[in-house]
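Listed below are the residues making up each chain.
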There are 4 protein chains.
Amino acid sequence: MIRVGVVGYGTIGKRVANAITKQPDMVLVGVVKRSPDYSAKIGISRGIRFFIPHEELVDAWNRAGARYYGTLDDLLQECDVIVDATPKGIGMKNRVIYESKGIKAIFQGGEHPNVGEVSFVAQVNYESALGKQFLRVVSCNTTGLARVLHAINQQYPIEKAIVFLVRRAIDPNQDTNGIIDCVAPSFGVSHHAEDLKTVLKDINIVTFAVRIPVTHFHVHMISIKLKETVDRREIIDLLEESRRIVVLSSRDGLGSTAKLLDLSRELGRPRFDIYENLVWLDSIYAEGKWLHLMQAIHQEAIVIPENIDAIRAVSGFTDALTSMNLTDSSLSIVSTRFY
Amino acid sequence: MIRVGVVGYGTIGKRVANAITKQPDMVLVGVVKRSPDYSAKIGISRGIRFFIPHEELVDAWNRAGARYYGTLDDLLQECDVIVDATPKGIGMKNRVIYESKGIKAIFQGGEHPNVGEVSFVAQVNYESALGKQFLRVVSCNTTGLARVLHAINQQYPIEKAIVFLVRRAIDPNQDTNGIIDCVAPSFGVSHHAEDLKTVLKDINIVTFAVRIPVTHFHVHMISIKLKETVDRREIIDLLEESRRIVVLSSRDGLGSTAKLLDLSRELGRPRFDIYENLVWLDSIYAEGKWLHLMQAIHQEAIVIPENIDAIRAVSGFTDALTSMNLTDSSLSIVSTRFY
Amino acid sequence: MIRVGVVGYGTIGKRVANAITKQPDMVLVGVVKRSPDYSAKIGISRGIRFFIPHEELVDAWNRAGARYYGTLDDLLQECDVIVDATPKGIGMKNRVIYESKGIKAIFQGGEHPNVGEVSFVAQVNYESALGKQFLRVVSCNTTGLARVLHAINQQYPIEKAIVFLVRRAIDPNQDTNGIIDCVAPSFGVSHHAEDLKTVLKDINIVTFAVRIPVTHFHVHMISIKLKETVDRREIIDLLEESRRIVVLSSRDGLGSTAKLLDLSRELGRPRFDIYENLVWLDSIYAEGKWLHLMQAIHQEAIVIPENIDAIRAVSGFTDALTSMNLTDSSLSIVSTRFY
Amino acid sequence: MIRVGVVGYGTIGKRVANAITKQPDMVLVGVVKRSPDYSAKIGISRGIRFFIPHEELVDAWNRAGARYYGTLDDLLQECDVIVDATPKGIGMKNRVIYESKGIKAIFQGGEHPNVGEVSFVAQVNYESALGKQFLRVVSCNTTGLARVLHAINQQYPIEKAIVFLVRRAIDPNQDTNGIIDCVAPSFGVSHHAEDLKTVLKDINIVTFAVRIPVTHFHVHMISIKLKETVDRREIIDLLEESRRIVVLSSRDGLGSTAKLLDLSRELGRPRFDIYENLVWLDSIYAEGKWLHLMQAIHQEAIVIPENIDAIRAVSGFTDALTSMNLTDSSLSIVSTRFY
């Protein structure tokens, strides 16, 4: 059993923690959280062991009547691997601690690529991550792009990809930092292209992005010039067969992200998460060597399976396919269709 | 076992259907749905028996490859009670059918009060609904107000209540009929006061309402003149003890409806539903005979327990307390605290 | 003097009517409006002559105490040219009336292209519209694309254009039909490409679109493959010199559409309109033969100058350049910079 | 002529500056602004003299090619009165400077009440502000409440007022700090009641507030217990006669704030401002001694006339009525109807 600790119990951390508890080969030792809020209290009531970052927070947790088991240092003593899901920039600082203790760690996409020896997307480069001490699971947008572009590129080599990202401005649990009645571009080429190249080294891609006032899903408009003429039906078949990608149709009533949100509630997964890329069948359009499609990315959930596979990779579990199968079956992830 | 059918598989219907499957004394015979969309297909894959409203829809369901078991008429033959959760106005038409077949039926709050012999909120008037043929479960806003005002009125008689409702404009699964960057008042006294009086006959209440561009939760600002001076602490105690009402604190990080949505996801209930009134502790303010408070109402979920109790009431199950206890335990409804 | 009537006094009609009053060679005979609402009453107080579509509306206008001068038929008797700005589909019906009376008419982009002999964007095809009886001014999105693509194509021939449109869901004065917390794609290739080809016949373009919950501005992400390598600086110079296109910089604080809205208020134009394409300097990115840029389109205002030029074109005013200069100076339209 | 300087050229400052230029008895000496952005550049092009807060900003303004006339110190030398419209908290610091130079100053409602000798609403307490050195114009919400409650209280004494404020979360020119799909209550009694008592000393009022994801207008739901029974018609007459209050009807098509925004654009005032309280006729409801009504407050504009009157008051202009008449006619402010 791989003994795993999760540092940071926010959007990513809490999901990774729950996913770990569903793996046959892992045990969740505990999680580190700063604030003894409702999510801590519910976690405690579910049996999760909480640790605090440092001693100064003892009073706050005691006042809140929230049980904790020690500090980050205490947690580290019991773990083989840490998943660090702290806010941007903190991971790089924590890396020093993990390094000094010789603990392996998985970082998130908000951190600088240098935080890990490899930037990781399971179905792209699992093997290159084997046995490394530090990995970085790339961001939700990059993960979503890597999956679909890698799948296509392997069968239909890509000459150039142009991607326009329509990004949700804040997550549904945030009540600050939003925008209202406003489109806010990220000027210049968006950072997503560079980030993607940490995973798909040789891809010729340019990305642009805007933030919009929604809280659910990033939407990607992807235009790809292939080296050969492509047939729409072949692409549909390819995507339907690709891991962690689902093709959906507006004919089933799924013609907007409001409907995708409702789909997620019908599916009944924890926190109404969707781990798969959601490609709209209706959006797939081929013209000569050009291929166009739109996909929606559940920004809170999509990197969770990657984190689980990353834990196995750093632990020396050599069989990528078996790891991904374990992950997918434990989380009910599908690669063909939901229904 | 009470054999129940659900007519209409939208926001309310699908939730009632699932809740029925969790009752020890009920069986879900089937549901009637018009469109063979994603929610039908997921329902089918979960073993729900679907029926179509009439023969003309046979082709659409066959084309979609969605299995159905017959028409509304077929379903009615097998049922003791129907929960009619069709869009506003359809229920009144369906009533004629139910009447001709001698089947009991529960209607929703969108229908005219005359559709039922009693307008129903379980903890207010269960007894008066016993054995009736037709009940009407009142709307989400009315249910939420009835619970909290009834609880207070019984202990601290109310002289006058003034309620301002800040209503979500559309449900999260709707992608039409919304408003953007806009507040839309319902002019005149809102209908909620009159509707509430179908349940709490003698209450002196006036209500006003606006629609705002959000999809989650109605928020009620309630100001009550009591007949006697009241103590804030007593009201908190009362509400904490009242059924299907939970008092929450911003000290736990629950200071907005975005956080309440996140709470619902942490709780892990189906479709992240919250069946309870959510009263903000921080909003409870007493000054002399005046009491003020704010509550959030999960508009999709709050009437689900009432529908379940209504099924028992029309079926002649005489013990209101036992019915509510059965309902609450089957749906993990709490009346004190979530954590 | 060209005697002009405006049929329809909504978003477009009221703006065209005001613009006509500022032309040295036109007179606004009157406008046709259905409802005697606040905008009619303000228009009346400003001296605009209102006409009603037909006699049945006499009572409504009398009850509202709103003065009118007759019906559509009465207005037509006094006009040389009609600008028809009625809701989609009505224009095609009205065309029969205009035809029977031998009156020239300008229709809007919501109508089928067949409604006009030419689909019109002044700086692209003024000459081809000369003396025609019926023109169609294309939609806001198409007008915005035609201006910028035509300007580029003339200097730097375009091999292929890929455009992604992020569309405001409703106008700021609408309080229905919106979406909330939702992205709604227009599936398949969006109609904008086909519409653009009614103006720029030979352009190789594909367009895709989503609707988002904002009320101000469409945002266009444009990627263009040119026949030759291009230099960013040259494109900036070209766009800065092009008519009805303004290049803006986030360095001046204009980094989102919220800031563009504020800019429009600072400029002090009527109804805070912006008639120009707004291209973000920061978004202009050249790589080899590829050119990428983002522009914001004020969806209510951008077609107003085109309507004015269209009136002159059908009236036989042969000098396109003089017409556009007259239009631009009368409306304070700039082609270089606002400040 | 009163020589006035404006310190801070944001939402309030730029509006006050423009309003000053329209007064027959005032001259705008100049404005202080930190950033040489689009609004500065447009202001410069309109002939406004800009000053910078301190020498460190010289480079930024020079780089931007934006002309300035000196620093705050230079401006102060030329002024009799300063309107300080700096962000919350800065005004209190600037007060020391104004005091040392013996300059009179008007502060805004974001500052602590102590910043001024009097908290000011022109039609309530102009006289008490006469000749003072420091005034504080209260916030938009407080100004809007003071006007309407004072008008009512003078004719129909108020026993108790309960106000629920539905507040726009951010201004339309902000692209940060917003909320999305969220209602965020201000817990406890909102500060507006206390603030109102700095103007209407003896009023018995309690206020509650939520923030919602809109950018235009605060909406106030006001419930008032009067000492005597009141007649709805009398209240309508009273409000229609009251200064800076306009009664609007949904019968004219003004049934939401989206329509009020459109109204503001039709009116054609600078920056589509509305200086008047907008009371919905349809919302006025009287029952016995209780009176209920809803009003919309244009949060950016409503305090502008108060600032102008405040300038006269500190300058010793003794005739309140004449001051308000001057202000209103210069800004086209109406007290009866717009059309």
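1. With respect to the sheet that holds strand β6 (residues 118-120) of chain A
Strand pairing in a sheet relies on backbone hydrogen bonds. The paired strands run either parallel or antiparallel.
Residue and element names in this part refer to chain A.
For step 1, the next point in the chain: Reading across from one edge, β3-β2-β1-β4-β5-β7-β6 is the order of the seven strands in this open sheet, with parallel pairing throughout. One side of each edge strand has no neighbouring strand; the edge strands of this open sheet are β3 (50-51) and β6.
For step 2, the next point in the chain: Alignment of strand β5 (residues 104-107) against strand β7 (residues 134-137), held across three bridges, turns out to be parallel. Note on β7: the bridge partner recorded for Phe 107 is Arg 136.
For step 3, the next point in the chain: Relative to the sheet, helix α1 (residues 11-21) contacts β1 (2-7), β2 (26-32) and β4 (81-84), its axis offset from that of β2 by approximately 155 degrees.
For step 4, the next point in the chain: Of the strands in this sheet, β1, β2, β4, β5, β6 and β7 touch helix α11 (residues 304-314), which is tilted by about 165 degrees from β7.

2. A closer look at the sheet that holds strand β5 (residues 104-107) of chain B
Residues and elements named next belong to chain B.
For step 1, the next point in the chain: Spatial ordering of the open sheet is given by β3-β2-β1-β4-β5-β7-β6, a layout of seven strands whose pairing is parallel. With partners counted over all chains shown, the strands left at the sheet margins are β3 (50-51) and β6 (118-120), one partner each.
For step 2, the next point in the chain: In the sheet, β6 pairs with strand β7 (residues 134-137) via three bridges, with the strands oriented parallel. Each residue of the ladder has a partner; that of Val 118, found in β7, is Leu 135.
For step 3, the next point in the chain: Here helix α11 (residues 304-314) sits on the sheet in contact with β1 (2-7), β2 (26-32), β4 (81-84), β5, β6 and β7, set at roughly 165 degrees to β7.

3. Details of unusual backbone geometry
For step 1, the next point in the chain: The phi dihedral of A:Arg244 is positive, around 60 degrees, even though this residue is not glycine.
For step 2, the next point in the chain: Residue placement: A:Arg244 occurs in the loop between α9 (232-241) and β12 (245-248).

4. Here we look at the relation of the copies chain B and chain C
For step 1, the next point in the chain: Screw-axis analysis of chain B against chain C gives a translation of 0.0 Å along the axis, an RMSD of 0.0 Å, and a rotation angle of 180 degrees. The superposition of one copy onto the other is thereby described by a two-fold rotation axis.

5. Quick word on the packing of helix α1 (residues 11-21) of chain C against helix α11 (residues 304-314) of chain C
Residues and elements named next belong to chain C.
For step 1, the next point in the chain: Across the interface, α1 lies against α11 with an axial gap of 9 Å and an inter-helix angle of 55 degrees. Regarding the angle of α1 to α11, the classification is oblique. Considering only the axes of α1 and α11, their crossing is right-handed. Contact residues: α1 offers Arg 15, Val 16 and Ala 19, while α11 offers Ile 304, Asn 307 and Ile 308.
For step 2, the next point in the chain: The residue makeup of the contact of α1 with α11, split by class, is four nonpolar, one polar and one charged.

6. Focus on the interface of chain B and chain C
Quoted interface sizes are often the accessible area lost when the parts come together.
For step 1, the next point in the chain: Between chain B and chain C, the contact holds 14 residues from the first and 14 residues from the second.
For step 2, the next point in the chain: Grouping the amino acids of the side of chain B that touches chain C by side-chain chemistry returns eight nonpolar, four polar and two charged.

7. Some remarks on the interface of chain C and chain A
For step 1, the next point in the chain: Contacts between the two partners involve 35 residues from chain C and, on the opposite side, 35 residues from chain A.
For step 2, the next point in the chain: The element contributing the most residues to the side of chain C that touches chain A is strand β10 (residues 205-212) of chain C, with four residues.
For step 3, the next point in the chain: For the side of chain C that touches chain A, the residue count by class is 22 nonpolar, 10 polar and three charged.

8. Re the confidence of the model for chain A
For step 1, the next point in the chain: Confidence along chain A averages 97 in pLDDT terms, with 100% of residues attaining 70 or more.
For step 2, the next point in the chain: In the predicted complex, the global pTM is 0.97; the interface-specific ipTM is 0.96.

9. Brief notes about the relation of the copies chain C and chain A
For step 1, the next point in the chain: For the pair chain C and chain A, the best superposition has an RMSD of 0.0 Å and corresponds to a rotation of 180 degrees with a translation of 0.0 Å parallel to the axis.
For step 2, the next point in the chain: Interface overlap between copies is the fraction of interface residues in one copy that are interface residues in the other; for chain C against chain A it reaches 100%, indicating a shared surface.

10. A closer look at the packing of helix α10 (residues 257-267) of chain A against helix α2 (residues 38-45) of chain B
For step 1, the next point in the chain: At their nearest, the axes of α10(A) and α2(B) sit 10 Å apart, and the two run at 10 degrees to each other. The orientation of α10(A) with respect to α2(B), classified from their angle, is roughly parallel. In this structure, α10(A) contributes A:Leu263, A:Glu266 and A:Leu267 to the contact, and α2(B) contributes B:Tyr38, B:Ser39 and B:Ile42.
For step 2, the next point in the chain: Class assignment for the residues of the contact of α10(A) with α2(B) results in four nonpolar, one polar and one charged.

11. Notes on helix α7 (residues 140-155) of chain C
Given 3.6 residues per helical turn, the α-helix brings residues three or four places apart onto the same face.
All names here are of chain C.
For step 1, the next point in the chain: Across its 16 residues, α7 extends 24 Å between first and last C-alpha, which sits within 8% of the 22 Å expected from 1.5 Å per residue.
For step 2, the next point in the chain: Buried residues dominate α7, accounting for 12 of its 16 residues.
For step 3, the next point in the chain: The complete set of buried residues in α7 reads Cys 140, Asn 141, Thr 142, Thr 143, Gly 144, Leu 145, Ala 146, Arg 147, Val 148, Leu 149, Ala 151 and Ile 152.

12. Examining the domain arrangement of chain A
Residues and elements named next belong to chain A.
For step 1, the next point in the chain: Looking at the assigned domains, one finds that chain A contains domain 1 (2-138 + 303-330) and domain 2 (140-297).
For step 2, the next point in the chain: Between domain 1 and domain 2, the C-alpha centre-to-centre distance is 26 Å.
For step 3, the next point in the chain: Taken together, the contacts link 16 residues of domain 1 with 17 residues of domain 2.
For step 4, the next point in the chain: Where the side of domain 1 that touches domain 2 is concerned, the elements lending two or more residues are α1, α6 (122-125) and α11.
For step 5, the next point in the chain: The class makeup of the residues in the side of domain 1 that touches domain 2 is eight nonpolar, six polar and two charged.

13. Some points on the pairing of strand β11 (residues 218-226) of chain B
Residues and elements named next belong to chain B.
For step 1, the next point in the chain: The buried count for β11 comes to eight of nine residues, which makes it a mostly enclosed element.
For step 2, the next point in the chain: Alignment of strand β8 (residues 158-168) against β11, held across eight bridges, turns out to be antiparallel. By the bridge assignment, Val 166 is partnered in β11 with Val 219.
For step 3, the next point in the chain: Two strands pair when backbone bridges link them, and β11 and strand β15 (residues 290-297) are joined in this way by eight bridges, in the antiparallel orientation. Looking at the pairing, Ile 224 lines up with Leu 291 of β15.

Calculation criteria
- Residues numbered from 1 in each chain as written.
- Chains lettered and ligands numbered in written order.
- Predicted model: local features only at pLDDT ≥ 70, side-chain atom pairs only at ≥ 80, totals over all residues.
- Pairing = 2+ DSSP bridges.
- Helix = DSSP H or I, 4+ residues; strand = E, 2+ residues; numbered from the N terminus.
- Contact = placed C-beta atoms within 7 Å.
- Axes fitted to C-alpha atoms, helices over the stretch in contact; angles between N-to-C directions.
- Least-squares fit on C-alpha atoms with pLDDT ≥ 70 in both.
- Parallel < 35°, antiparallel > 145°, perpendicular 65-115°, else oblique.
- Left-handed = near helix turned anticlockwise from the far one by under 90°.
- Nonpolar A, V, L, I, M, F, W, Y, C, P; charged D, E, K, R; others polar.
- pLDDT = per-residue confidence, 0-100.
- Expected span 1.5 Å × (residues − 1).
- Buried ≥ 20, exposed ≤ 12 C-beta atoms within 10 Å, placed from the backbone.
- Domains from an automatic or database assignment.

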